[in-house]
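Residues per chain, in single letters:
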Amino acid sequence: MAKTDEQTGPDGQAGHDARAETTLGYEQARDELVEVVRRLEAGGTSLEESLALWERGEELAKVCRHWLEGARARLDAALAEDEAAEGAEGAEEAESAGEG
């Protein structure tokens with residue numbers, strides 16, 4: 001994939017572009033990771049290219065993990081908010097029932 005080649009520095013090492021990682025969406029990172037894995041599994045690449053692909057794959061996996069952890073945190077927060085709202089409603093109903 002062209003992105004991997006562009007990210008390889010003059011020393012053959014994969015470059016670390018934090019801006020690219022933060023702007024990649026989950027689906028983009030996942031799709032590129034699938035392509036990296038496909039290229040690695042297909043073989044036929046030099047050692048340097050294989051290492052660069054592996055490093056890019058690790059970066060993409062981190063991006064995916066970041067998105068998934070963020071999604072999990074949002075779900076947990078929404079569930080906690082719902083539970084708190086249900087608890088408050090239950091307390092109000094119990095209080096109202098005690099008044100009558």
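Scroll up a little and you will see the structure.
Residues numbered from 1 in each chain as written. Predicted model: local features only at pLDDT ≥ 70, side-chain atom pairs only at ≥ 80, totals over all residues. Heavy atoms only, no water.

**What to know about the overall build of the protein chain**
Part 1: For the protein chain, the helix and strand inventory stands at four helices and zero strands.
Part 2: Traced from its N-terminal end to its C-terminal end, the protein chain shows the element sequence α-α-α-α.
Part 3: Classification of the 100 residues of the protein chain by burial places 21% in the buried group.
Part 4: Contacts in the protein chain between residues at least 24 apart in sequence constitute 69% of all its contacts with a sequence separation of at least 6.
Part 5: Put simply, the protein chain shows about 7300 Å² of open surface, and 54% of that area lies on carbon and sulfur atoms. (Helix = DSSP H or I, 4+ residues; strand = E, 2+ residues; numbered from the N terminus. Buried < 20%, exposed > 50% of the residue type's maximum accessible area, 1.4 Å probe, protein only. Contact = heavy atoms within 4.5 Å. Areas by Shrake-Rupley, 256 points an atom, 1.4 Å probe, with all protein chains shown as cover.)

**Observations regarding the pattern of salt bridges**
Part 1: A complete count under the given rule lists six salt bridges for this structure.
Part 2: With a shortest N-O distance of 2.9 Å, Glu32 and Arg56 are connected by a salt bridge. Taken together, the residues Glu32 in helix H3 (residues 26-42) and Arg56 in helix H4 (residues 47-99) connect sequence positions 24 residues apart.
Part 3: With its nearest N and O atoms 3.8 Å apart, the salt bridge here joins Asp76 to Arg72. Of the two residues, Asp76 and Arg72 both sit in helix H4, four residues apart, roughly one turn of that helix. (Salt bridge = Lys/Arg side-chain N within 4 Å of Asp/Glu carboxyl O.)

**Notes on the side chain of Ser50**
Part 1: When you line up the elements, Ser50 lands in helix H4.
Part 2: Of the polar contacts made by the side chain of Ser50, one reaches the side chain of Thr45; its length is 2.6 Å.
Part 3: Those residues in contact with Ser50, other than ones at most four positions away along the chain, are Leu40 and Thr45. (Polar contact = N/O pair within 3.5 Å; in protein donor to acceptor, adjacent residues only side chain to side chain.)

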